[in-house]
Amino acid sequence: MNPSVAHIETEFDLIRQKVHRVFAAQGITALQLRQISHAERAAKIKKLKMALLANSEAVIAAGFADFGKPAPEVSLTEILPVIAEANDAIRKLRRWMKPKKVWPSRMTVGTSSYLQYEPKGRVLIIAPWNYAVNLSLGPLVSALAAGNTVIIKPSEMTPHTSAVIAKIIRETFDENEVALFEGEVQMTQILLNLPFDHIFFTGSPAVGKIVMAAAAKHLTSVTLELGGKSPTIVDETADLAAAAKNILWAKFTNNGQTCIAPDHIYVHANVKEAFLAECIKTLQAAYGSAAEQVNSPDLARIVNERHAARVKALLDDAIAMGAKVVAGGQADLMLRYIEPTLLTDIPDDAMIMREEIFGPLLPVISYAQLDTVIASINAAPKPLALYIWSSKQATIDKVMQQTTSGGACINHCVVQFLHGNLPFGGVNNSGIGSGHGHHGFLAFSHERAVVRNRIMFAKMFYPPYTAFTRRLIALFIKTV
Ligand code: NAD
């Protein structure tokens, strides 16, 4: 064998052995964690929160080093949501953990019942790169609240941010309780071969399928937080100025690399020109003139050259198929820069209308009939988010009743993520299960159904089966 290949294999084996050692050690910790109080769990979450705050400057610097992410965007979208998640869990954990009384059903008169919230055990969190801190430490808060041991696999695409997350984890936890392994696909494969009790994956639908298939081998439960094309509707009664400002903020924060960013907009034909004019005004106010935008400190970059080329290919394909560039359209792949771009007149079969854009391109499609918009949404895979801008209740009701999506906002965008009391998740292609707040706690808990006997009515059904037993069963069938 080639000596360098042998060397790589040895190194790989060492990493695998280390992962297996930590996983085995976490098995022992997981049994101990079943018995700890809410105060002990809360203390762990508090320690994590303090470590994040202590490292916040490093997180901000890493965000800039990885893809030029503006400091306020790091604070707002990476640090703040984790602090909110942590505070929420610390405040409510005692209530979440308390066994929940359940009334007996007609079948179980004579018993008392409750739900007991148990940690799942050893859990794996696989995080994407686009909000690397938020989407690894946020689920970690929920996993700790539920009393689990955790292994985190951050993305390899934002190495500076992953290094800071690794530092925070090392400073805060013993690896027998929370460990972090950096690495690419090979590392994920080592982890996915292990019989975790739950996997919480955030990333693309394509990799979500790989994760779910691997989980199936051990019948491991999964939460899949995936992506997709989130549609936005602006009807003729919408407040166009408010809609333009809010939609473009939601779209161009993180340079469009947000799972719940408005992917494309359906705007009523009667207000299309007025809406586009508001959008152009908003773009200039936010990022300066076209010439100034490339140097705007408020605009992040595309994460790497491969993705910049992917987004540019979507733009080129749309233009080649007849799309019109209303604003933007310039790109400098060396700088991983693509100008915030508004497109119209895009044919349905352009690549940009089929793939998740995940970049600063915004197709604006005009419509005359709401039914055609609803039909297009329902013909596509179920989206992670849907946004409707309208002041007409009948339109809002129609869209909400005739479509589906993981979450939705009416006259707002993306804030559903920040709402700690709502479940955050997708539906089918955009995800399975949900997280955040109490829902995150439940995702990492097993709800154990417990029945306690009070009066043994069941003995009436014991054999031998007499005529009386049969009459009783017949009566139950009629009355239950
Ligand atoms: P990705 O699916 O490429 O990667 C996610 C994680 O999976 C990373 O840790 C990566 O190392 C790992 N991975 C990649 N390829 C793998 C493979 N073949 N086998 C095993 N593991 C593998 O996603 P990304 O590029 O990091 O993030 C972008 C995607 O994530 C978009 O689709 C976006 O919509 C989605 N996303 C969803 C949410 C949500 O909350 N629903 C949040 C952020 C991003």
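Not measured: the values here are computed from a predicted model. (Residues numbered from 1 in each chain as written. Predicted model: local features only at pLDDT ≥ 70, side-chain atom pairs only at ≥ 80, totals over all residues. Heavy atoms only, no water.)

For the rest of this paragraph, the subject is the overall build of the protein. When you go through the protein residue by residue, the secondary structure sums to 16 helices and 18 strands. Radius of gyration (C-alpha) of the protein: 26 Å, near the 23 Å computed for a compact globule of 480 residues. Taking all 480 residues of the protein together, 52% fall into the buried category. Within the protein, contacts between residues separated by at least 24 positions form 73% of all contacts whose residues are at least 6 apart in sequence. On the protein, roughly 22300 Å² of surface is accessible, and the fraction owed to carbon and sulfur atoms is 59%. A distance of 15 Å separates the average location of the 47 positive side-chain charges in the protein from that of its 41 negative side-chain charges. (Helix = DSSP H or I, 4+ residues; strand = E, 2+ residues; numbered from the N terminus. Rg over C-alpha atoms; globule rule 2.2 N^0.38 Å. Buried < 20%, exposed > 50% of the residue type's maximum accessible area, 1.4 Å probe, protein only. Contact = heavy atoms within 4.5 Å. Areas by Shrake-Rupley, 256 points an atom, 1.4 Å probe, with all protein chains shown as cover. Lys, Arg positive; Asp, Glu negative; His and termini not counted. Charge placed at Lys NZ, Arg CZ, Asp CG, Glu CD.)

Residues in close proximity to the ligand total 26 residues, the closest being Lys153, Glu156, Ser204, Leu226 and Glu356. Backbone polar atom of Ala127 to an oxygen atom of the ligand: 2.8 Å apart, as the coordinates give it. When the ligand is considered free in solution it has 840 Å² of accessible area, and contact with the protein chains removes 90% of it. Grouping the constituent residues of the shell around the ligand by class yields 15 nonpolar, 7 polar and 4 charged. Counting residues domain by domain, the shell around the ligand receives three or more from each of domain 1 (10-226 + 432-448) and domain 2 (231-425). (Near = heavy atom within 4 Å. Polar contact = N/O pair within 3.5 Å; in protein donor to acceptor, adjacent residues only side chain to side chain. Nonpolar A, V, L, I, M, F, W, Y, C, P; charged D, E, K, R; others polar. Domains from an automatic or database assignment.)

So, about the pairing of strand 8 (residues 230-234). The element strand 8 is largely enclosed, with a buried count of 5 among its 5 residues. Covered by surrounding structure in strand 8 are Ser230, Thr232 and Val234 together with Pro231 and Ile233, the residues of both alternating faces. Bridge count for strand 8 against strand 9 (residues 262-268) is 5 bridges, and the pairing is parallel. Considered in strand 9, the bridge of Ser230 is made with Pro262. Between the parallel elements strand 8 and strand 9, the chain passes through helix 9 (residues 240-252) in a crossover that is right-handed. (Pairing = 2+ DSSP bridges. Right-handed = clockwise from strand over helix to strand, strands pointing away.)

Glancing now at the sheet that holds strand 9. Spatial ordering of the open sheet is given by 10-13-14-9-8-15-16, a layout of 7 strands whose pairing is mixed. Two strands in the sheet have a free side with no partner beyond their single neighbour: strand 10 (324-327) and strand 16 (407-410). Each neighbouring strand pair of the sheet contributes to a mean axis angle of 25°, computed without reference to strand direction. Against the sheet, helix 13 (residues 370-379) contacts strand 8, strand 9, strand 14 (361-367) and strand 15 (385-389), and its axis sits at roughly 175° relative to strand 8. Most of the contacts of helix 14 (residues 393-402) go to strand 15, to which it runs at about 165°, and overall it touches strand 8, strand 15 and strand 16. (Axes fitted to C-alpha atoms, helices over the stretch in contact; angles between N-to-C directions.)

At a closest axis distance of 10 Å, the pairing of helix 5 (residues 134-145) and helix 6 (residues 159-172) adopts a crossing angle of 25°. It follows from the interaxial angle that helix 5 and helix 6 lie roughly parallel. In this structure, helix 5 uses Ser136, Leu137 and Leu140 to contact helix 6, whose residues at the interface are Ile165, Ile168 and Ile169. For the contact of helix 5 with helix 6, the class distribution of residues is 5 nonpolar, 1 polar and no charged. (Parallel < 35°, antiparallel > 145°, perpendicular 65-115°, else oblique.)

Let's shift gears to the pairing of strand 4 (residues 149-153). Counting buried positions along strand 4 yields 5 of 5 residues, so the element is predominantly enclosed. Side chains of strand 4 alternate between two faces, with Thr149, Ile151 and Lys153 and Val150 and Ile152 buried alike. The pairing of strand 3 (residues 122-126) with strand 4 spans 5 bridges and is classified as parallel. Bridging across to strand 4, Val123 finds its partner in Val150. The parallel pair strand 3 and strand 4, bridged by helix 5, forms a crossover whose chirality is right-handed. Where strand 4 meets strand 5 (residues 178-180), 3 bridges bridge the pair, whose relative direction is parallel. Paired with Val150 across the strands is Val178, a residue of strand 5. Handedness of the strand 4-helix 6-strand 5 crossover: right-handed.

According to the stated counting rule, one finds 8 aromatic pairs in the structure shown. When the ring of Trp129 is compared with that of Phe358, the centres are 6.0 Å apart and the planes differ by 85°; the resulting orientation is edge-to-face. Here Trp129, found in the loop between strand 3 and helix 5, pairs with Phe358, found in the loop between strand 13 (341-344) and strand 14; they are 229 residues apart in sequence, far enough to count as distant. Exposure remark for Trp129: the relative accessible area of 7% places this residue in the buried category. The class for Phe358 is buried, based on a relative accessible area of 18%. Summarising the aromatic geometry, the rings of Phe200 and Phe444 are spaced 5.3 Å apart at their centres and angled 20° between planes, so their arrangement reads as stacked. Of this pair, Phe200 sits in strand 6 (residues 198-202) while Phe444 sits in the loop between helix 15 (437-443) and strand 18 (445-453); the two residues are 244 residues apart in sequence, bridging distant segments of the chain. For Phe200, a relative accessible area of 5% corresponds to the buried category. An aromatic cluster is built from Phe67, Trp129 and Phe358, whose rings are joined through pairwise contacts. (Phe/Tyr/Trp six-rings, centres within 6.5 Å; stacked < 30°, edge-to-face > 60°.)

If you look at the biggest cluster of nonpolar residues, it comprises 44 residues, and the most contacted ones within it are Leu52, Leu137, Leu140 and Ile169. Residue contacts for Leu52: discarding those within four places in its chain leaves Val59, Ile79, Val82, Ile83, Val133, Leu137 and Ile168. Counting 36 residues, the second-largest nonpolar core is a separate cluster that includes Cys259, Leu299, Ala327 and Tyr387. (Core = buried A, V, L, I, M, F, W, Y, C linked by side-chain atoms within 4.5 Å.)

Turning our eyes to something else, we now look at empty space enclosed by the protein. Using the criterion set out here, one finds 2 cavities of 30 Å³ or more in the structure. The space that makes up the largest cavity amounts to roughly 60 Å³. Forming the boundary of the largest cavity are Gly228, Lys251, Gly256, Thr258, Cys259, Ala261, Pro262, Asp263, Glu356 and Phe358. A breakdown of the residues in the lining of the largest cavity according to their chemical character gives 4 nonpolar, 3 polar and 3 charged. As a volume, the second largest cavity reaches approximately 50 Å³. Val59, Gly63, Phe67, Lys69, Val74, Glu78, Trp129, Ala132, Val133, Thr158 and Thr161 together form the lining of the second largest cavity. Those elements that provide at least two residues to the lining of the second largest cavity are helix 3 (56-67) and helix 4 (71-97). (1 Å grid on protein atoms, 1.4 Å probe; cavity = no way out; pocket = protein on both sides within 12 Å on 5 of 7 lines; lining within 4 Å. Points joined across faces, edges and corners; volume = space filled by probe spheres on them.)

Distances and angles like these do not, on their own, reveal function.
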